[in-house]
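A structural walkthrough
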Amino acid sequence: MRILGTGSALPARRVTNEELTAFLDTSDEWIRTRTGIAERRVLNEESVLSLAREASLRALENAGLNADDIDMIIVSTAKGETVTPATANLLQGEIGAHCPAFDLNAACSGFLYALDLAQPYIDSGKAQRILITCAEAISRLCDWTDRSTCVLFGDGAGAAIVGAGEGLLATRLTSVPNLGALNAYHDPGNNPFQEHKHPASYLHMAGQEVFKFAVSTSSADLRAVAEAAGVGLAEIDFFVLHQANMRILEAVRTRLGQPKEKFPSNIARTGNTSSASVPILLDELNRSGALTPGMLIAMSAFGAGLTSGAALLRWA
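What this report covers is the structure whose coordinates are included nearby.

Rules of the game
Residues numbered from 1 in each chain as written. Predicted model: local features only at pLDDT ≥ 70, side-chain atom pairs only at ≥ 80, totals over all residues. Heavy atoms only, no water. Pairing = 2+ DSSP bridges. Helix = DSSP H or I, 4+ residues; strand = E, 2+ residues; numbered from the N terminus. Axes fitted to C-alpha atoms, helices over the stretch in contact; angles between N-to-C directions. Contact = heavy atoms within 4.5 Å. Buried < 20%, exposed > 50% of the residue type's maximum accessible area, 1.4 Å probe, protein only. Arc of directions from axis to C-beta. Phe/Tyr/Trp six-rings, centres within 6.5 Å; stacked < 30°, edge-to-face > 60°. Lys NZ or Arg CZ within 6 Å of the ring centre and 35° of its normal.

Turning our eyes to something else, we now look at the sheet that holds strand 12 (residues 296-303). In space, the four strands of this open sheet follow the order 8-13-12-11, with mixed pairing throughout. Two strands lie at the open edges of the sheet, namely strand 8 (168-178) and strand 11 (238-241), each paired on one side alone. Here the average twist between neighbouring strands, direction ignored, is 10°. Pairing analysis gives eight bridges linking strand 12 to strand 13 (residues 305-314), with the strands arranged antiparallel. Considered in strand 13, the bridge of Gly 303 is made with Thr 307. Of the strands in this sheet, strand 8, strand 12 and strand 13 touch helix 5 (residues 110-124), which is tilted by about 125° from strand 8.

This part takes up helix 4 (residues 87-95). All of the buried residues in helix 4 are Thr 87, Ala 88, Leu 91, Gln 92 and Ile 95. Down the axis of helix 4, the buried set is contained in an arc of 145°. They therefore lie on one face. Turning to helix 4, the residues buried within the fold contact helix 3 (48-63), strand 4 (72-76), strand 5 (101-104) and strand 6 (129-137). Positive phi appears at Gly 96, one or two residues downstream of helix 4, with a value of about 80°.

As a further point, take the sheet that holds strand 1 (residues 2-9). In any sheet, the strands associate via hydrogen bonds between backbone groups, in a parallel or an antiparallel arrangement. Judged by pairing direction, the sheet is mixed, and its five strands sit side by side in the order 1-7-6-4-5 without closing on themselves. One side of each edge strand has no neighbouring strand; the edge strands of this open sheet are strand 1 and strand 5. The mean inter-strand angle of the sheet, taken between neighbouring strand axes irrespective of direction, is 20°. Seen against the sheet, helix 3 touches strand 1, strand 6 and strand 7 (155-163) and runs at an angle of roughly 140° to strand 1.

Moving on, we get to the packing of aromatic side chains. For the structure shown, the criterion picks out one aromatic pair. Ring centres of Phe 239 and Phe 263 lie 4.8 Å apart, and the angle between their planes is 10°; this geometry places the pair in the stacked category. Remark: Phe 263 occurs in the loop between helix 7 (246-256) and helix 8 (267-270) and Phe 239 occurs in strand 11; sequence separation between them is 24 residues. The pair Phe 239 / Phe 263 is uniform in exposure class, with both members buried. The ring of Trp 30 has Arg 147 sitting right over it, with the charged end atom 4.3 Å from the ring centre.

Put into structure tokens, the structure is as follows:
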């Protein structure tokens, strides 16, 4: 399997750290030094679906394909406009595709889970080209009175089209059941026969616990995919990591003993866009000309679940 094209989309509304100080007990310096974030994009006139559509159409254009060339659509999202139908079904209609479409939710690891899921469909010949789109609106899950969480997140969408090829060298997925570290509850509804309901809630995160999980798991996952592919870490050209927190990125880089120039980042401009962050960054690298055929790209993400995923691919 290889990546045929990439695309991304961000909301127009920029929210700077200075704007947050108007209603939060925080400062630009406090946020920057702890997270590396200067601003984030937040949904205003757009929707999760419109961002997914824009990112998907850009990926199709980048791949030189049209919607009828797509055999399957996988969407990673934690907060679509509807519980049902799936965002992928709605996206199918938005871009004019005619193929199976479904959602998955592996939190911030969604892009890596979708890549791994797509591979056997490509290998078996059941699908020739698969559109993977990650569209997230974590701003809708945040408590905007809680400076420990709301300053971290932004909205956005990233997409990639995959097809047959020799690019994907290794993948690794992990999952550890841990409700307390990172969670958000649905509205429980009004079922009169249900006695015990957990009320709807904003996103809750135990920061230190997530930090430790992210650093240890990402480092282990990246080492594992490199070993599985018979590649040394020094041979990898770029490490494209989930843009959760600059301190996490630096800690992983230090553990792996790799130079800063191998760890591109856009977190200062986008914040944490959950599963969309890896494909957004990948698209930025692709369109800037930073990626050339033959380069080795390692990707890693981690999120609620707790889940993690990593992949190593040779750029084609």
